[in-house]
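Structure at a glance
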Amino acid sequence: MQTVAVLSLKGGVGKTTVVLGLASAAMRRGVRTLVVDLDPQCNATACLEPGRTTKGLSDVLADPRPENVRAAVTGSSWGAEVDVLVGSEDAESHNGHHPDGRHLSRLTEALSELDDPSAEDELPYQLVLLDCPPSLGRLTRSALIAADRALLVTEPTIFAVSGVQRAFEAVQAERQSNNPELQPLGVIVNRVRPRSHEHQFRIEELREIFGPLVMPVALPDRLAVQQAQGACMPIHQWGTPGAREVALAFNLVLARILRAARPRRAEQDDDELLEGTE
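Here we summarise the structure given alongside this text. (Residues numbered from 1 in each chain as written. Predicted model: local features only at pLDDT ≥ 70, side-chain atom pairs only at ≥ 80, totals over all residues. Heavy atoms only, no water.)

A look at the environment of Arg28
Tracing the sequence through the fold places Arg28 in helix H1 (residues 15-29). Taking the C-alpha atoms as reference points, Arg28 and Gln237, separated by 209 residues in sequence, lie 9.3 Å from one another. If sequence neighbours within four positions are ignored, Arg28 has contacts with His236 and Asn251. (Helix = DSSP H or I, 4+ residues; strand = E, 2+ residues; numbered from the N terminus. Contact = heavy atoms within 4.5 Å.)

The following block contains the structure:
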């Protein structure tokens with residue numbers, strides 16, 4: 001199970017758009033995916049139109065017992081490949097400082113319940129996407145502690161560039177203090193207008209700061225994204241030229257995520273092979 005935290009410390013740059021686009025690309029590829037809506041605005045939950053649940057994210061973070069976790073997860077209207085751990089508006093109560101650092105591991109505990117190989121009646125999730133709020137509170141820190149990779153989202157504007165720098169510093173801090181397995185997956189630039197000199201200038205600025213971490217594919221600014229979200233549909237099913245352009249970009253980003261998961265799986269396979277020869 002590959003777990004990716006999608007974050008930025010500036011609001012309005014399109015984190016949820018990226019999460020939904022990746023879920024759409026994963027569904028098209030047949031990758032079973034869980035979207036975890038950590039943002040108290042619950043936009044990802046609304047767009048995925050999940051079935052009714054008796055629990056939500058706030059309940060899970062308060063008590064990550066298996067029965068609470070499974071009661072908060074349900075299917076989406078998109079298809080059988082995409083499930084949702086539904087967001088809660090009152091999850092904001094879990095976002096402030098807490099003197100007990102163990103609270104930061106509750107999301108990790110919850111996700112481990114969903115990665116249980118003994119649950120034979122359910123197919124395991126291959127990809128978990130954590131939609132983080134635009135702040136460095138407990139919710140985002142919990143996501144970074146639970147994640148294998150961090151995908152940083154920005155727009156090609158001066159304030160968004162500053163936000164992604166702070167997000168990268170947050171990733172590095174959690175890696176050093178709580179999650180040594182965490183790796184930055186890359187920086188993805190959203191809502192790019194290729195003919196804008198300002199946008200090109202900011203993208204070059206990002207490349208000077210982050211080097212190869214800036215993804216070679218950027219997400220173009222297309223009305224189809226808002227249209228698909230308004231209709232609660234995957235971008236891959238919207239069908240307009242603009243939607244197809246954005247969908248192709250998400251396919252490339254997903255391919256990078258899946259490639260990043262291979263070395264760990266390959267090491268596990270090698271270990272199992274060695275054990276079998278002993």
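Let's pick the thread back up.
A closer look at the pattern of salt bridges
A complete count under the given rule lists 12 salt bridges for this structure. Residues Asp39 and Lys15 are paired through a salt bridge, measuring 3.8 Å at the closest nitrogen-oxygen approach. Of this pair, Asp39 sits in the loop between strand S2 (33-37) and helix H2 (43-48) while Lys15 sits in helix H1; the two residues are 24 residues apart in sequence, bridging distant segments of the chain. Taken individually, Asp39 and Lys15 each receive the classification buried, so the pair is uniform in this respect. Each of Lys15, Asp39 and Asp131 takes part in a single network of salt bridges with overlapping partners. (Salt bridge = Lys/Arg side-chain N within 4 Å of Asp/Glu carboxyl O. Buried < 20%, exposed > 50% of the residue type's maximum accessible area, 1.4 Å probe, protein only.)

Some words on the sheet that holds strand S5 (residues 127-131)
The 7 strands lie next to each other as S3-S4-S2-S5-S1-S6-S7, forming an open sheet whose pairing is mixed. Looking along the sheet, the strands with just one partner apiece sit at the ends: strand S3 (73-75) and strand S7 (183-189). Here the strands of the sheet are splayed against their neighbours by 25 degrees on average, with no regard to which way each runs. Relative to strand S4 (residues 82-85), S3 runs antiparallel, the two sharing 3 bridges. Following the sheet pairing, Thr74 is matched in S4 by Val84. Relative to S5, H1 is tilted by about 165 degrees, and along the sheet it contacts strand S1 (2-7), S2, S4, S5, strand S6 (149-154) and S7. Of the strands in this sheet, S1, S2, S3 and S5 touch helix H5 (residues 106-114), which is tilted by about 155 degrees from S2. (Pairing = 2+ DSSP bridges. Axes fitted to C-alpha atoms, helices over the stretch in contact; angles between N-to-C directions.)

Quick look at the packing of aromatic side chains
Within this structure, the stated rule accounts for 1 aromatic pair. Judged by centre distance (5.4 Å) and plane angle (70 degrees), the rings of Phe168 and Phe210 are edge-to-face. Taken together, the residues span a long stretch of sequence, with Phe168 in helix H7 (residues 158-177) and Phe210 in helix H8 (residues 197-210) at a distance of 42 residues. (Phe/Tyr/Trp six-rings, centres within 6.5 Å; stacked < 30°, edge-to-face > 60°.)

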